[in-house]
Amino acid sequence: MRRAAAALRRGWLRFWFEPSAPTNLAVSRIVVYAPLAVFYAVHDYAIWGRVSPALYQPIWLFRTLHLPVLAPATLDVLQTVWKVSLFTAAAGLFTSASCALTALLGVYLIGLPHNFGQTYHFDAAIVFAFATLACSRCGDALSIDAWIAGPSHRGPSASGEYTWPIRLMWVTLSLVFFAAGVAKIWTSGVEWVTSDQMTLLLERVQYHISDADPVTNWGSYIARYSLLPRVLAAATMIIETTYPLALLRTRARPFIVLAGIGLIVGIRLLMGPTFEHFLLLNAFWVPWDRVGAWLRLRVRHGASVIDRSPIHV
Amino acid sequence: MSSAAAFGMSRLRFVLAHALIATVVGGSLYDIAARMEHWPFSNYPMFAEIHRTDLLRWPRIYGVTRDGTELPIVSYRELWPLDQSRLPIGLRAIYNEPGSSARIHEALRDVLQRYEQRREAGEHSGPALVGLRLYLVTWEVEPFARNLAAPSRRQLLSSVMLENRVAAR
């Protein structure tokens, strides 16, 4: 029993804190923040201060913390600070403060629209990413801060500090998919796959009922067949419920992660919901240090020499 | 050597990391197990419920033009910052609350006023409207939504007209 507990503890510590170089976390910071900075730059959150209180239906977080809908002028200031902090976080300038601002202001600004009518799910994991990066040392490499500090002030070459934030995002993504799969099983059981529900769902979303319309009308073509929607339903449920297996040291990890990406893309194409920026969080799965090493090798050997060794994820 | 030091971390940072891990994992597992939603935590219930009939009932906003024509308003630009899903679902929730007629009226007025202000500012290309009507619309679902413009039933839930436009008529 004691041996099992000790092994469990060792496994826990190895999973979360196995020392790693700062590169993967630093690149993930850039890959997540830079596109989101551009994406949110054109979003206006101040408008929510002008929407009638008649439409206000506060979500748990705002109700519990008594967070008000601030005046448009105040929201304008907050969103300006937030948008600037997204760019500075991406660049690694005042990284700790920038990431803290993206998280603190982000949870309020990103959460604000969910108080009006419906809670969408496409940006909740982004909030967790901001919180995780805010508590991490993601600015220790590939940042303006690190460049200003110079080589003598850089952090350790390998540390658990650079591992746990990445692993926490792995777990967060796994929980998102797993939750969606479990919700389907608990709510509808095997009928979710065997009934006509996917056929009906693919047709229903053509009626402008989603937050955005499906990119294509292929759903209606798929719905013509009896078996195809059921195959899609089964694949969806399998991908969602087995996604946490990607947390294990397994060669299947890249395939599981790619299947998750495929599912999100499929949802956008066939059903509508806009999970595009959720896809950015897959940056945490990529072993950027190995990608970098592979690219350096290619550059060193010249473009004509093709290195056939695979990158293990 | 402590666990924290073994992994190149201070004890404080080690505790902070564990606190965040516990919060994210614990909160997520709680919502999954309790089938609840505490944004940003969620049990991600979208699409979990199965539909057993080909009847689709959906609250939809129709704009009323000066000549009395009704047009469904679904474009994001026209409903901004709300949208074709958030707004009708929110309105339906308000409608289902007892004694909410004044509130839903106010909500519709707000949507209409913003629509007109944005149209006059050239921020969307929708037609000029003098009113909005909220219907509960029923379709018998067809491939490619071929009957989108011809639902089998429409039940008026609420409506609002712009006073100055009505007075001018």
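Coordinates for the structure precede this section.
Residues numbered from 1 in each chain as written. Chains lettered and ligands numbered in written order. Predicted model: local features only at pLDDT ≥ 70, side-chain atom pairs only at ≥ 80, totals over all residues.

### What about the interface of chain A and chain B?
Frequently, the measure chosen for interface size is the accessible area that the parts lose on association.
(1) Moving on: The partner chain B presents 52 residues to the 65 residues of chain A that form the contact.
(2) Moving on: Elements with a contribution of two residues or more to the side of chain A that touches chain B: helix H1 (2-17), helix H3 (60-64), helix H6 (124-134), helix H8 (164-188), helix H9 (191-194) and helix H10 (197-204) of chain A.
(3) Moving on: Examining the composition of the side of chain A that touches chain B, we find that 14 residues originate from one element, H8 of chain A, more than from any other.
(4) Moving on: Split into classes, the residues belonging to the side of chain A that touches chain B amount to 37 nonpolar, 21 polar and seven charged. (Contact = placed C-beta atoms within 7 Å. Helix = DSSP H or I, 4+ residues; strand = E, 2+ residues; numbered from the N terminus. Nonpolar A, V, L, I, M, F, W, Y, C, P; charged D, E, K, R; others polar.)

### A closer look at the nonpolar core
(1) Moving on: Membership of the largest hydrophobic core comes to 116 residues, with the highest contact counts inside it found for Ala125, Ala129, Ala179 and Leu281 of chain A together with Val111 of chain B.
(2) Moving on: Taken domain by domain, this core gets at least three of its residues from each of domain 1 (1-49) and domain 2 (55-168) of chain B. (Core = buried A, V, L, I, M, F, W, Y, C linked by C-beta atoms within 7 Å. Buried ≥ 20, exposed ≤ 12 C-beta atoms within 10 Å, placed from the backbone. Domains from an automatic or database assignment.)

### A closer look at helix H2 (residues 11-34) of chain B
(1) Moving on: Taking 1.5 Å of rise per residue, 24 residues should cover 34 Å, and H2 of chain B covers 33 Å from first to last C-alpha, within 8% of that figure.
(2) Moving on: Buried within H2 of chain B we find Phe14, Ala17, Val24, Ser28, Asp31 and Ile32 of chain B.
(3) Moving on: Buried residues in H2 of chain B make contact with H6 and H8 of chain A together with helix H1 (3-6) of chain B.
(4) Moving on: One or two residues past the end of H2 of chain B sits arginine 35 of chain B, with phi positive at roughly 50 degrees. (Expected span 1.5 Å × (residues − 1).)

### Points about the sheet that holds strand S1 (residues 55-64) of chain B
Residue and element names in this part refer to chain B.
(1) Moving on: The antiparallel open sheet is built from four strands, whose spatial order is S2-S1-S3-S4. The sheet is open, and its two edges are formed by strand S2 (70-72) and strand S4 (153-161), each paired on a single side. Taking each pair of neighbouring strands and ignoring which way they run, the sheet shows an average axis angle of 30 degrees.
(2) Moving on: Across three bridges, the pairing between S1 and S2 is antiparallel. Within S2, the position partnered with glycine 63 by the bridge is leucine 71. (Pairing = 2+ DSSP bridges. Axes fitted to C-alpha atoms, helices over the stretch in contact; angles between N-to-C directions.)

Function cannot be read off these values alone, since they describe shape.
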